[in-house]
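Fold and geometry: a report
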Amino acid sequence: MRPDREYKDSFQHKGMRKKLIELLREKGITDEAVLEAMNNIPRHYFLDSAFDKIAYEDRAFPIAADQTISQPYTVAYQTQLLQVKKNDRILEIGTGSMYQTTVLAEMGAQTVFTIERQKKLFDEQKRYYHFRSKYPNIKFFYGDGFAGLPTYAPFDKILITAAAPFIPPKLAEQLKPGGFMVLPVDEGDGQRMLRITKKEDGTIEEEAFERFSFVPMLTGKNE
Ligand code: SAH
């Protein structure tokens, strides 16, 4: 953990980040708004300072509570599928390092509601003062993402950043007609990225994309 959580973004970090953005482009990410948002968010800040020199490699890394910060390609891929629009109210399941959360806020979402089930990570997120004040439109919750946030529903977009065993029914309920949910769903030894669209008549349409590997979406909270 960075002891001070002080915000520092050096010339070297900016250079490494630019290279990462070029790599994402080569790997097929085409949405310029996604690439720009990721170019604006210093990923190294969300990692232990031991990772400073490798923070911009296209890899997942360990964070607290045996969880991971998603691979940049995965973050870009999910964000691109979500088609974030200004004024979207987005629900994110699995705050983790908070990196993906800030990318959604940087894309111009009106509000990002984000849920984490690991108390340790939820507490750690309180120390990210720089981003907390930069993005007051991020709302943090400690709880079980399977339940969603009925009080704040419906949402324009829902993003799950852990491997879901199935499409969580309560989350499908909390999606606005016309809205999208992007989630990796278990398929034996990996997950298939799905995009669920809720039609105006309430029925669900499903599109399937590439395979990925995520940490599991678990029920209940962890102290
Ligand atoms: N977007 C995060 C991904 C972290 S990994 C990042 O890039 O840093 C997935 C996260 O989902 C973990 O932090 C895990 O604790 C959390 N998670 C798993 N099941 C959950 C659930 N039911 N509700 C909320 N969070 C959950």
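Residues numbered from 1 in each chain as written. Predicted model: local features only at pLDDT ≥ 70, side-chain atom pairs only at ≥ 80, totals over all residues. Heavy atoms only, no water.

Let's talk about the site of the ligand
- Around the ligand, the surrounding shell holds 26 residues, and the nearest of these are Thr68, Ser97, Glu116, Gly145 and Leu218.
- Taking arginine 117, its main chain carries an N or O atom lying 3.4 Å from a nitrogen atom of the ligand.
- Between aspartate 144 and the ligand, the recorded distance is 3.0 Å, taken from a side-chain N or O atom to a nitrogen atom.
- Calculation on the ligand without its partners gives an accessible area of 570 Å², and the protein chains cover 99% of this total.
- For the shell around the ligand, the secondary-structure elements that each account for two or more residues are strand 2 (68-69), strand 3 (89-93) and strand 4 (111-116). (Near = heavy atom within 4 Å. Polar contact = N/O pair within 3.5 Å; in protein donor to acceptor, adjacent residues only side chain to side chain. Areas by Shrake-Rupley, 256 points an atom, 1.4 Å probe, with all protein chains shown as cover. Helix = DSSP H or I, 4+ residues; strand = E, 2+ residues; numbered from the N terminus.)

Things to note about the pairing of strand 9 (residues 204-212)
- Sheet topology places strand 8 (residues 191-198) next to strand 9; seven bridges connect them, and they run antiparallel. Note that in strand 9 the partner of glutamine 191 across the bridge is phenylalanine 212.
- Where strand 8 folds back onto strand 9 in an antiparallel hairpin, the turn is made up of five residues, including glycine 202, whose phi is positive at roughly 90°. (Pairing = 2+ DSSP bridges.)

Concerning the packing of aromatic side chains
- The full count for this structure, using the stated rule, is 18 aromatic pairs.
- On the numbers, 5.4 Å between centres and 20° between planes, the contact of phenylalanine 46 with tyrosine 128 is stacked. Note that phenylalanine 46 is positioned in the loop between helix 2 (32-40) and strand 1 (61-62) and tyrosine 128 in the loop between helix 5 (119-125) and helix 6 (129-134), a separation of 82 residues in sequence.
- Relative accessible area serves as the criterion here: at 2%, tyrosine 128 is assigned to the buried category.
- Here the aromatic residues Tyr45, Phe46, Tyr99, Tyr128, Phe131 and Tyr135 are joined through ring pairs into a cluster of three or more.
- For lysine 119, the ring lying beneath its charged end belongs to tyrosine 142, and the centroid distance is 5.9 Å. (Phe/Tyr/Trp six-rings, centres within 6.5 Å; stacked < 30°, edge-to-face > 60°. Buried < 20%, exposed > 50% of the residue type's maximum accessible area, 1.4 Å probe, protein only. Lys NZ or Arg CZ within 6 Å of the ring centre and 35° of its normal.)

Observations concerning the nonpolar core
- Within the largest apolar cluster, 49 residues are counted, with the highest numbers of intra-cluster contacts made by Leu24, Met38, Phe46, Tyr99 and Val103.
- Those elements that provide at least two residues to this core are helix 1 (11-26), helix 2, helix 3 (72-82), helix 4 (99-106), helix 5 and strand 5 (138-142).
- Element by element, the count of residues in this core is highest for helix 3, at six residues.
- Once residues within four sequence positions are removed from consideration, leucine 24 is found in contact with Ile29, Leu35, Met38, Asp58, Pro72, Tyr73 and Ala76.
- The next biggest cluster of nonpolar side chains, apart from the first, holds 21 residues, and it includes Ile93, Leu175, Met181 and Ile196. (Core = buried A, V, L, I, M, F, W, Y, C linked by side-chain atoms within 4.5 Å. Contact = heavy atoms within 4.5 Å.)

Description of helix 3
- With 10 of 11 residues buried, helix 3 lies mostly within the body of the structure.
- Every buried residue belonging to helix 3 is among Pro72, Tyr73, Thr74, Val75, Ala76, Tyr77, Gln78, Thr79, Leu81 and Leu82, and all of these are buried.

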